[in-house]
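Each chain is listed here by its residues.
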Amino acid sequence: MSPTSETAQGGRRLVIVESPAKAKTIKGYLGPGYVVEASVGHIRDLPSGAAEVPEKYTGEVRRLGVDVEHDFQPIYVVNADKKAQVRKLKEQLAGVDELFLATDEDREGEAIAWHLLEVLKPKVPVHRMVFHEITKDAIQEAVRNPRELNKRMVDAQETRRILDRLYGYEVSPVLWKKVMRGLSAGRVQSVATRLVVERERERIAFRSAEYWDLTGTFSTGRAGDPSDPSSLVARLNAVDGKRVAQGRDFGADGQLKTANILHLDEEKARALAASLADTSFSVRSVESKPYRRSPYAPFRTTTLQQEASRKLGFGAKATMQVAQKLYENGFITYMRTDSTILSDTAVSAARAQVTQLYGADYLPEKPRVYAGKVKNAQEAHEAIRPSGDRFRTPAETGLTGDQFRLYELIWKRTVASQMKDATGNSVTVKIGGRSADGRDAEFSASGKTITFHGFMKAYVEGADDPNAELDDRERRLPQVAEGDALSAEEITADGHATKPPARYTEASLVKELEEREIGRPSTYASIIGTILDRGYVFKKGTALVPSFLSFAVVNLLEKHFGRLVDYSFTAKMEDDLDRIARGEAQAVPWLKRFYFGEGAPETTSGGAADAGNGDGDHLGGLKELVTDLGAIDAREISSFPVGEGVMLRVGRYGPYVERGEKDTEGHQRADVPEDLAPDELTVAYAEELFAKPSGDFELGVDPVSGNQIVAKDGRYGPYVTEILPEDTPKTGKNAVKPRTASLLKSMALDTVTLEDALKLMSLPRVVGADAEGVEITAQNGRYGPYLKKGTDSRSLTDEEQLFTITLEEALAIYAQPKQRGRAAAKPPLKELGTDPVSEKPVVVKDGRFGPYVTDGETNATLRTGDSVEDITPERGYELLAEKRAKGPAKKTAKKAPAKKTAAKKATAKKAAPAKKTAAKKTTAKKTTTAKSAAAKTTAAKSAASKPE
């Protein structure tokens, strides 16, 4: 049907979705009478700075973007990078007869639809079009059955946005003043950071305990086979009726929790093993129980993130990026959901595949129904599952790489959820005997056999603990009966030590946040991304390690904003927000109490009761807390005792250890590596840092200038410089800058000499000029020594050539064709194995910007906390997966050259930016801990990440 006839019958319709990829897919499912455009995420938001606020607003409104004095009215502005898209949408709207707002069906999608309505101001009929999968049937059904915009969902999302703005814009400046510029605080990110810090505190306080026990291998004396082994391994359970201590019996202080337990040390354990060598043993009891395991519920957002982390090595952010692509291209249902519900169509599709792939014996009589476990879940959504009324097997999708692997995971989990239980038997056998010295020893062994694997044929859930036993693991024991005689083939004494609590991984942190009901599951990926980007947390392998900076931030928040990072208060706040979403509470009274405190004036609005009822959850307001900063001692909140007079301090340029007071005798200070895990900072390690060369090394006086020459350890490595006289002008036209030069790689701070320093500061050295008069210089650069002639640079192989190379030798080098790469590839630093996606060998290499992992197709730089020595294959695969999920780097279009007439105007202002840049250099932090406010705003606007 032609567009003309379509218009005549039903008019032209504009459908607005969020992403271009989704628009492209949906366009193929609708007729020529439909125009499908993307908003490209949010088109307007709260202003990112005062400059964006309209002139009519003044005071606090310009700073916050929210009018707290008038019922917290938000000030919305169209994002600068979306103005062109808004113009395009308005142009498209001018030529249509109906508008369909087809943004995502969650709260944020509803808010985007409302903002589109407010900005576009359509004069044609408007419909809210919702769907949870992008298939032809689903899209056409959504067009036929639109609904009205849900203003209650919009109001709920707006309340969250206002709350997050007030929290971030009021608390973050406190961190800037008391800890470091550029830091951020957030309703959920700060609590997530506190969880990671608290776990590290537990590790620091932990004291390991050593304990011993015995392991016995017992034989039945008969020939065995796979179904009936001839022997079993059992662990010592009790001696003379007293239970032998295991790891679970010790506290974090290394002491036993209860007294009535036998704690064996090495000497006692070995003596007991020796005394049992010739003992006759017998079976004292056999306890058998039926074993049954039901399938796992279909995926919701958090369980998908956890399993993708365990099984595929994906971070939460990478998981959501890959899932977004699968959804937009019509392979899976919407990936941000709290629900485990499957539609009738999905249940039928899953049951059909169970029968087809595994047989009728694996299909339960009735469909399985999974109740939602998440509080305040948006049950209108479905679980994450393959799309359509017939699930495509992974082989049928044509997908590759990470998309194939994630789809396969979702497909297996969905099909398995409609299969029969796994059944079998679990057995516990107790074995006893009396030692040569008359002591009664009892050993215990447990086993499990699976007689019907049921759903396990399709899917078995992973575990956060790499040593945990998975559900499908069998442990077969010999068939024995009470009274049967057994002989001890071997009895050994085994030593163990208790371990500190494991650090969070992305998967376990997501699980912890969900169990504590903190934040919304759909935002966890962006929350983890934020605390990683801010430098509050870094990764070692898959573990999340808090930085020393995060210790200072959390310390300040706990001591001066305790309620804001209290776990139960944050969960209660989430519950209140959901009550507002359901219409059971009003937003404005709740916001007033949160911001102004319990004594806040009542709202003039009528309606439902407000959230919170004087039960003490909103005592002092946020505004009051942030105005009383005099009590916050910046040095105190950033100082942590290490022991023996050593303090760890977090300064504006990074962490350092210090002993004694500055400018006093015996004072010591040393920088701490920023990728050092806090639980690894001991007094002994601090002593090593103190012993390393640091500070200024006076090398002598330059015989020509008379200036003192010193060697220093700077933020970018060791260097030499001269100390200019105090009366030397440092600013203005006559300003003199001290000569400075980085040390060569072969030099060390404590061995460099005055002669070395003077040679270094003589660089760059003029070698001579070529036949055309172009000067050739020898210089020391970031990547080593090199020659430079105009824009043509050539590497030198030896540092000494910087000072010895002649013009003839330099001309000979330039006479050779320029090498477009290294003459010989360096061998890899480490081999990690075969990547599960590309099926190519993964190695660690040394690159221009440091070590990186590569499979020959994708390169990923090692992050803070990763090292060549410690990186595991799984961590390497995870880094590559995250890099693939990001896709190729976007090329930035080059700006057109400025017109000559504009150059004159710019000349007078040229010095100002230079001054600003210099200021930035003196305050910038070496890592990503101090991001700019603009970067923070950009991250908050990301459509894929939904911040809290």
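Source: prediction; values computed, not measured.

J.: Honestly, the sheet that holds strand E8 (residues 126–128) in this entry has me stumped. Any pointers?
T.: Whether parallel or antiparallel, the strands of a sheet pair through hydrogen bonds between backbone atoms. The strand order across the open sheet formed by 4 strands is E2-E1-E7-E8, and the pairing between neighbours is parallel. Each having just a single partner strand, strand E2 (34–38) and E8 make up the two edges of the open sheet. Each strand axis lies, on average, 20 degrees off the axis of its neighbour in the sheet, ignoring direction. Of the strand pairs in this sheet, strand E7 (residues 98–101) and E8 are connected by 3 bridges, and their pairing is parallel. Looking at the pairing, Phe100 lines up with His127 of E8. Contacting strand E1 (13–17), E2 and E7, helix H4 (residues 83–94) runs over the sheet at an angle of about 170 degrees to E2.

J.: Would you mind showing me how to read helix H18 (residues 567–581) here?
T.: An α-helical segment advances 3.6 residues per turn. Residues three or four places apart therefore align on the same side. Here H18 spans 21 Å end to end across 15 residues, near enough to the 21 Å set by a 1.5 Å rise per residue. Extensive coverage of H18 is indicated by the burial of 12 of its 15 residues. Considering only its buried residues, H18 is in contact with helix H5 (107–120), helix H7 (151–178), helix H8 (189–205) and helix H19 (587–596). Directly after H18, the chain includes Gly583, whose backbone phi takes a positive value near 80 degrees.

J.: Would you mind showing me how to read the sheet that holds strand E30 (residues 830–834) here?
T.: Sheet architecture is open: 4 strands sit in the order E30-E31-E32-E33, paired in antiparallel fashion. Strands at the two margins of the open sheet, each flanked by one partner only, are E30 and strand E33 (859–861). Recorded for the sheet is a direction-independent mean angle of 30 degrees between the axes of neighbouring strands. As defined by bridge partners, strand E31 (residues 841–847) adjoins strand E32 (residues 850–854) across 5 bridges and the pair is classed as antiparallel. Within E32, the position partnered with Asp846 by the bridge is Pro851. Helix H26 (residues 873–886) contacts E30, E31, E32 and E33 of the sheet and is inclined by roughly 110 degrees relative to E33.

J.: Mind showing me how you'd approach the side chain of Thr193 here?
T.: Along the chain, Thr193 falls in helix H8. Here Thr193 is in contact with Ile531, Tyr536, Ser550 and Val554, once residues within four sequence places are set aside.

J.: So what exactly am I meant to see when it comes to the packing of aromatic side chains here?
T.: The relative placement of two aromatic rings is captured by the distance of their centres and the angle of their planes. One pass over the structure, following the stated rule, counts 17 aromatic pairs. Judged by centre distance (6.1 Å) and plane angle (70 degrees), the ring pair of Tyr76 and Trp114 falls under edge-to-face. Within this pair, whereas Tyr76 is found in the loop between strand E5 (73–74) and strand E6 (77–78), its partner Trp114 is found in helix H5, the two being separated by 38 residues in sequence. Across the pair, Trp114 and Tyr76 agree in class, each one buried. Aromatic rings pair up to connect Tyr296, Phe299, Phe455 and Tyr459 into one cluster. A cation over an aromatic ring shows up here: Arg199 above the ring of Tyr504, its NZ or CZ 4.3 Å from the ring centre.

J.: Help me understand the environment of Arg475, please; the structure alone is not making it clear to me.
T.: Within the secondary structure, Arg475 sits in the loop between strand E14 (440–452) and strand E15 (485–497). The exposure class assigned to Arg475 is partly exposed, which follows from its relative accessible area of 27%. The spacing of Arg475 and Leu232 is 243 residues in sequence and 9.8 Å in space, taken between C-alpha atoms. Within polar-contact distance, the side chain of Arg475 engages the backbone oxygen of Ser446 at 3.2 Å.

J.: Can you help me understand unusual backbone geometry in this one?
T.: Excluding glycine, residues mostly have negative phi values, and the peptide bonds linking residues are mostly trans. In this model, Leu763 is joined to Pro764 through a cis peptide bond whose omega is 0 degrees. By the secondary structure assignment, Pro764 is in the loop between helix H23 (754–761) and strand E26 (765–769). One non-glycine residue, Val40, lies in the positive phi region at around 60 degrees. As for its placement among the helices and strands, Val40 is situated in the loop between E2 and strand E3 (44–45). Non-glycine residue Lys121 carries a positive phi angle of around 45 degrees. The residue Lys121 is located in the loop between H5 and E8 in this model.

J.: It is not clear to me how the side chain of Thr721 should be interpreted in this structure. Could you clarify?
T.: When you line up the elements, Thr721 lands in strand E24 (residues 717–723). Within polar-contact distance, the side chain of Thr721 engages the backbone oxygen of Arg739 at 3.1 Å. For Thr721, the contacting residues outside a window of four places in its chain are Gln708, Ile709, Val710, Lys712, Pro738, Arg739, Thr740 and Met761.

J.: Help me understand the packing of H7 against H18 in this model?
T.: Packed helix pairs are specified by the crossing angle of their axes together with the interaxial distance, meaning the distance between the axes. Contact geometry of H7 with H18 gives a least axis separation of 8 Å together with a crossing angle of 150 degrees. Taken as axis vectors, H7 and H18 run roughly antiparallel relative to one another. Viewed along their axes, H7 and H18 form a crossing whose handedness is right-handed. Within the contact between the two elements, H7 uses Arg152, Ala156, Thr159, Arg160 and Leu163 and H18 uses Met573, Glu574, Leu577, Asp578, Ile580 and Ala581. Grouping the amino acids of the contact of H7 with H18 by side-chain chemistry returns 6 nonpolar, 1 polar and 4 charged.

Rules used throughout
- Residues numbered from 1 in each chain as written.
- Predicted model: local features only at pLDDT ≥ 70, side-chain atom pairs only at ≥ 80, totals over all residues.
- Heavy atoms only, no water.
- Pairing = 2+ DSSP bridges.
- Helix = DSSP H or I, 4+ residues; strand = E, 2+ residues; numbered from the N terminus.
- Axes fitted to C-alpha atoms, helices over the stretch in contact; angles between N-to-C directions.
- Contact = heavy atoms within 4.5 Å.
- Expected span 1.5 Å × (residues − 1).
- Buried < 20%, exposed > 50% of the residue type's maximum accessible area, 1.4 Å probe, protein only.
- Phe/Tyr/Trp six-rings, centres within 6.5 Å; stacked < 30°, edge-to-face > 60°.
- Lys NZ or Arg CZ within 6 Å of the ring centre and 35° of its normal.
- Polar contact = N/O pair within 3.5 Å; in protein donor to acceptor, adjacent residues only side chain to side chain.
- Parallel < 35°, antiparallel > 145°, perpendicular 65-115°, else oblique.
- Left-handed = near helix turned anticlockwise from the far one by under 90°.
- Nonpolar A, V, L, I, M, F, W, Y, C, P; charged D, E, K, R; others polar.

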